[in-house]
Amino acid sequence: MFQVKPPTRLQSLTATWLGHDVVFTFDATSETWYALAGVSLETTSGSYSLELNGETPSAKDPTRETTFSRKFLVGKGKYPKIQAKLSVESKFTEPSPEQQKQIEEGQQIKKDYLNRVTPDREWSGSFAAPAHAAISDVFGSERIFNGKTSSPHLGLDFRVPSGTPVAAMNDGTVLLARPMFFEGNFVVINHGQGLLTLYLHLSEFKVKEGDPVKRGQIIGLSGGTGRATGPHLHVAVRWQGTYLDPASLLRLRLP
Ligand SMILES: [Zn+2]
């Protein structure tokens, strides 16, 4: 979370960060502008600047702009390597031509939906855990599937039995609620400004695409559908096309 306390009153505050547009919201209680942003796992370590652009209220000049730049260091994160061998059905590692077709359709759906950025912020306040359960796998860990190392784990796993209610992490609109090859029964909530939360391997849907949802609302029941080694809840966070660590988002105390 970026927090900005400008010396003058602003009408609006926007920024660019790693090529993304960031829109700030004013919190009157703390007189601070705040916005959520992230860094992808692929970002090279280094110094990156946040380029701020504020508009000051003025009756005479229609556009009085103030700019400010601030550099932030991005360092290398440490993520666990999980040596335990997990086994999944061979259709997930050696798919048939028909399954390959389903995989490609799924990739297209994800390309179409998961990079969406809608301008209005639908979330407010802190994000809440989707289930009250132990964490069985963290973000960024590398796992081995049937002897082959897979790409880093881009979500957070909760150890829950099948049929456990799964709650929306914040307010938003249901963007996807449909079965997919790898994800199983898959729900995606759009919280606005490019922030999405994803809920995988569900046994049952409790919402449909287009439904507005509130934080804590039950959106489905957990399960083990799709590429899962057993029943669990995998949740992921996307921000403007980049996977972020859900645990980091859940730790933030937001206005
Ligand atoms: Zn997972």
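Since we're looking at a predicted model, the values are computed, not measured.

**Describing the pattern of salt bridges**
Using the criterion set out here, one finds seven salt bridges in the structure. Residue Lys 206 pairs with Glu 204 through a salt bridge whose shortest N-O separation is 3.0 Å.

**Brief notes about the packing of aromatic side chains**
Under the defined criterion, the tally for this structure stands at eight aromatic pairs. Ring geometry for Phe 181 and Phe 182: centres 5.1 Å apart, planes at 80 degrees, overall edge-to-face. The class of Phe 181 is buried, set by a relative accessible area of 11%. Take Phe 182: its relative accessible area is 22%, and that puts it in the partly exposed class. Cation over ring: Arg 116 sits above Tyr 113, and NZ or CZ is 4.2 Å from the ring centre.

**Topic: the coordination of the zinc ion**
With distances of 2.0 to 2.7 Å, the protein atoms coordinating the zinc ion are His 153 (NE2), Asp 157 (OD), Asp 157 (OD) and His 234 (ND1). The sequence pattern describing where the donors of the zinc ion fall on their chain is H-x3-D-x76-H. Of this pair, His 153 sits in the loop between β11 (148–149) and β12 (156–158) while His 234 is found in strand β20 (residues 233–239), placing the two residues 81 residues apart along the sequence. Exposure remark for His 234: the relative accessible area of 11% places this residue in the buried category.

**Observations concerning the pairing of strand β6 (residues 46–56)**
Relative to β6, strand β2 (residues 12–17) runs antiparallel, the two being bridged by six bridges. Bridging from a neighbouring strand, Trp 17 pairs with Leu 50 of β6. Judged from the 11 bridges that link them, β6 and strand β7 (residues 64–74) form a sheet pairing that is antiparallel. Looking at the pairing, Asn 53 lines up with Thr 67 of β7.

**A closer look at the nonpolar core**
As a rule of thumb, nonpolar side chains are buried together in soluble globular proteins. Formed by 43 residues in total, the largest nonpolar core has its most connected members in Phe 24, Phe 127, Val 187, Tyr 199, Ile 219 and Leu 233. Examining the composition of this core, we find that four residues originate from one element, β20, more than from any other.

**Quick notes on the sheet that holds strand β17 (residues 204–205)**
A sheet is described by the order of its strands in space; here three strands give the open sequence β13-β19-β17, paired in antiparallel fashion. Every interior strand has two partners, whereas the edge strands, β13 (165–167) and β17, have only one. Inspection of the sheet shows β13 paired to strand β19 (residues 218–221) by three bridges, in the antiparallel sense. Counterpart to Pro 165 in the pairing with β19 is Leu 221.

**Some remarks on unusual backbone geometry**
If you check the backbone angles, His 201 has positive phi at about 65 degrees while not being a glycine. For His 201, the location among the structural elements is in strand β16 (residues 195–202). Even without being glycine, Gln 240 reaches a positive phi, approximately 45 degrees. For Gln 240, a relative accessible area of 15% puts it in the buried group.

**Describing the side chain of Ser 126**
Looking at the secondary structure, you find Ser 126 in the loop between α1 (97–113) and β9 (135–137). A distance of 3.4 Å separates a polar atom in the side chain of Ser 126 from a polar atom in the side chain of Arg 253. Within the structure, the side chain of Ser 126 is placed 3.0 Å from the backbone nitrogen of Leu 254, a separation counted as a polar contact.

**Description of the sheet that holds strand β1 (residues 2–4)**
In space, the three strands of this open sheet follow the order β1-β5-β4, with antiparallel pairing throughout. In the strand order of this sheet, the two ends are held by β1 and β4 (25–27), each with one partner. Strand-to-strand twist across the sheet, computed as the mean angle between neighbouring axes with direction ignored, equals 30 degrees. Judged from the three bridges that link them, β1 and strand β5 (residues 32–35) form a sheet pairing that is antiparallel. Considered in β5, the bridge of Val 4 is made with Trp 33.

**What about the side chain of Asp 171?**
Within the secondary structure, Asp 171 is located in the loop between β13 and β14 (172–180). The exposure class of Asp 171 is buried, given its relative accessible area of 14%. Of the polar contacts made by the side chain of Asp 171, one reaches the backbone nitrogen of Arg 215; its length is 2.7 Å. Non-local contacts of Asp 171, meaning those with residues more than four positions away in its chain, are made with Glu 122, Trp 123, Ser 124, His 191, Val 213, Lys 214 and Arg 215.

Here is what the cut-offs are and how they apply
Residues numbered from 1 in each chain as written. Predicted model: local features only at pLDDT ≥ 70, side-chain atom pairs only at ≥ 80, totals over all residues. Heavy atoms only, no water. Salt bridge = Lys/Arg side-chain N within 4 Å of Asp/Glu carboxyl O. Phe/Tyr/Trp six-rings, centres within 6.5 Å; stacked < 30°, edge-to-face > 60°. Buried < 20%, exposed > 50% of the residue type's maximum accessible area, 1.4 Å probe, protein only. Lys NZ or Arg CZ within 6 Å of the ring centre and 35° of its normal. Donors = N, O, S within 2.8 Å, 3.2 Å for Na, K, Ca; no water. Helix = DSSP H or I, 4+ residues; strand = E, 2+ residues; numbered from the N terminus. Pairing = 2+ DSSP bridges. Core = buried A, V, L, I, M, F, W, Y, C linked by side-chain atoms within 4.5 Å. Polar contact = N/O pair within 3.5 Å; in protein donor to acceptor, adjacent residues only side chain to side chain. Axes fitted to C-alpha atoms, helices over the stretch in contact; angles between N-to-C directions. Contact = heavy atoms within 4.5 Å.

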